[in-house]
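Take a look at the letters that make up each chain.
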Amino acid sequence: MITRHAPSTGTGTLGRAQRLHRAATTRFREARPSHLDIGLINNMPDAALDATERQFRALLSAAADDIAVHLTLYTLPEVPRTAFGRDQVRRYTPLADLWRSQHDGLIITGTEPLAADLTDEPFWGSLTRVLEWAEDHTHSTVLSCLAAHAGILHLDGIVRRPLGDKRFGVFECVRVADHPLTAEAPCRLQMPHSRWNEIPEEALLACGYRVLTRSEDAGVDAFVKQRKSLFVFFQGHPEYEAITLLLEYRRDIGRFLRGERDTYPPLPHGYFDAETIEALQALQARALVDRREDLLAGFPTALAAGKVTNTWRATAEHLYRNWLVFIRGKKEQAAKRGAAAPENG
């Protein structure tokens with residue numbers, strides 16, 4: 001079961017009533033560890049906001065099973081938005097409310113970077129404050145893609161390195177460590193990736209990170225570091241739907257046709273079938289000879305969408321189920337410690 005918290009209305013009688021209800025609800029959830037409060041800080045670009053929210057809601061709902069998950073939506077206020085995007089995030093809870101919240105876990109998405117150095121991004125200050133808050137106030141925090149790169153830079157000074165081209169597609173990964181998050185997961189698993197940078201594994205190991213899954217073709221996939229909170233890092237995107245990479249590829253071709261990128265985007269690895277690849281290669285041949293935006297109408301969307309499959313869904317649900325069970329276990333331990341503590345006075 002997943003529900004969403006309504007944003008606080010602030011001051012006044014109604015606002016006070018909501019705060020009292022929230023406090024009572026928090027105490028109730030602390031007493032019942034099967035109820036988890038998760039915050040989702042959705043920083044994706046405007047066009048992907050709704051899809052990302054839908055993906056995480058569906059994934060958490062499938063993974064939760066007997067655990068009631070209450071989801072609160074936030075975004076970093078400095079992420080650049082159009083009027084459309086600002087309207088979309090208006091229904092989110094203000095980030096300022098996070099500092100007073102009682103979340104058991106947190107998920108932080110990436111976004112499209114604007115600066116070569118992540119510390120120059122307009123949202124860097126807010127993101128690092130969130131990371132510091134999460135360490136002291138959550139049992140575990142998931143950082144996805146760019147958020148993972150920003151997290152290791154802030155926590156340990158590990159700098160990501162640029163790739164020659166986009167690492168894009170579905171890659172076979174191997175489970176290389178035993179951990180509660182990968183308990184009973186398959187030894188080999190599929191995972192979608194979509195990124196322009198990578199993390200040197202030797203730098204992670206030198207700073208005490210534990211690599212859980214890696215790919216021969218894509219490098220490090222998932223890794224963790226236990227601090228006060230368990231930080232979980234995904235370079236891949238277990239939350240993606242079957243057609244997400246398809247839509248990203250179509251978007252990237254559109255950017256090439258409009259002159260917004262210099263090179264034609266490579267086909268996503270391990271994703272399309274032979275018939276779809278043939279149609280896409282024919283489109284590429286036309287585009288390289290006669291580069292104009294209206295060629296995008298020839299993208300075989302219906303053909304491709306009817307053939308792609310979500311080969312990573314079962315693994316994604318398993319990973320997030322283990323994550324929720326891990327948080328529940330930590331919450332139960334905290335409740336027992338609280339019950340055993342002597343009362344003052």
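Residues numbered from 1 in each chain as written. Predicted model: local features only at pLDDT ≥ 70, side-chain atom pairs only at ≥ 80, totals over all residues. Heavy atoms only, no water.

Helix α5 (residues 146-156) packs onto helix α4 (residues 124-137) with a crossing angle of 75° between their chain directions and a minimal axis gap of 10 Å. If you check the angle between α4 and α5, you find them roughly perpendicular. Residues W124, L127, T128, L131 and E132 of α4 touch α5, and the partners they reach there are A150, G151, L153 and H154. A breakdown of the residues in the contact of α4 with α5 according to their chemical character gives five nonpolar, three polar and one charged. (Axes fitted to C-alpha atoms, helices over the stretch in contact; angles between N-to-C directions. Helix = DSSP H or I, 4+ residues; strand = E, 2+ residues; numbered from the N terminus. Parallel < 35°, antiparallel > 145°, perpendicular 65-115°, else oblique. Contact = heavy atoms within 4.5 Å. Nonpolar A, V, L, I, M, F, W, Y, C, P; charged D, E, K, R; others polar.)

With that settled, the discussion passes to unusual backbone geometry. Although it is not a glycine, D65 sits at a positive phi angle of roughly 55°. Take D65: it is sitting in the loop between α2 (49-64) and β3 (68-74). Judged by its relative accessible area of 61%, D65 is exposed. Residues other than glycine seldom take positive phi values, yet E184 does so here, at roughly 60°. In this fold, E184 is placed in the loop between β6 (161-175) and β7 (188-198). Overall, the relative accessible area of 76% leaves E184 in the exposed class. (Buried < 20%, exposed > 50% of the residue type's maximum accessible area, 1.4 Å probe, protein only.)

Glancing now at the environment of L143. The residue L143 is located in strand β5 (residues 140-144) in this model. Taking the relative accessible area as the measure of exposure, L143 reaches 0% and is therefore buried. Taking C-alpha positions, L143 is 7.4 Å from F231, a pair spaced 88 residues apart along the chain. Apart from the residues lying within four places of it in its own chain, the contact partners of L143 are I108, L131, A148, G151, F231, V232, F233 and F234.

To continue, consider the pairing of β3. In terms of burial, β3 is largely enclosed, as seven of its seven residues are buried. Burial of β3 is two-sided: the residues A68, H70, T72 and Y74 facing one way and the residues V69, L71 and L73 facing the other way are all buried. Where strand β2 (residues 35-41) and β3 come together, seven bridges link them in parallel fashion. Bridge pairing links L40 to L73 in β3. (Pairing = 2+ DSSP bridges.)

Our focus in this paragraph is the nonpolar core. Ranked by internal contacts, the top residues of the largest apolar core, which has 35 residues, are I38, I107, L181, V232, Y320, W323 and L324. Among the secondary structure elements, those contributing two or more residues to this core are β2, α2, β3, β7, β9 (219-226), β10 (230-234) and α10 (313-340). Membership of the second largest hydrophobic core comes to 33 residues, among which are F123, A147, A148 and F233. (Core = buried A, V, L, I, M, F, W, Y, C linked by side-chain atoms within 4.5 Å.)

Turning our eyes to something else, we now look at the pairing of strand β4 (residues 105-108). Every second residue of β4 is oriented toward a common face, with G105 and I107 on one face and L106 and I108 on the other, all of them buried. Alignment of β2 against β4, held across four bridges, turns out to be parallel. Residue I38 lies in a different strand from β4, and its bridge partner there is G105. Here four bridges tie β4 to β5, and the two strands are oriented parallel to one another. When the sheet's bridge partners are listed, G105 is paired in β5 with S140. Regarding topology, α4 serves as the crossover connection from β4 to the parallel β5, and that connection is right-handed. (Right-handed = clockwise from strand over helix to strand, strands pointing away.)

Attention now goes to α5. The element α5 is extensively covered by neighbouring structure, given that nine of its eleven residues are classed as buried. Here α5 has its buried residues at L146, A147, A148, H149, A150, G151, I152, L153 and L155. The positive-phi residue at the C-terminal boundary of α5 is G157, with phi of around 70°.

A few words now on helix α7 (residues 244-257). An ideal rise of 1.5 Å per residue puts 20 Å on 14 residues; α7 measures up with 20 Å between its terminal C-alpha atoms. The buried count for α7 comes to ten of 14 residues, which makes it a mostly enclosed element. Regarding α7, the residues found buried are T244, L245, L246, E248, Y249, D252, I253, G254, F256 and L257. Where α7 is buried, its residues touch α2, β6, β7, α8 (274-289) and α9 (301-305). Downstream of α7 by a residue or two, G259 has a phi angle that is positive, lying close to 80°. (Expected span 1.5 Å × (residues − 1).)

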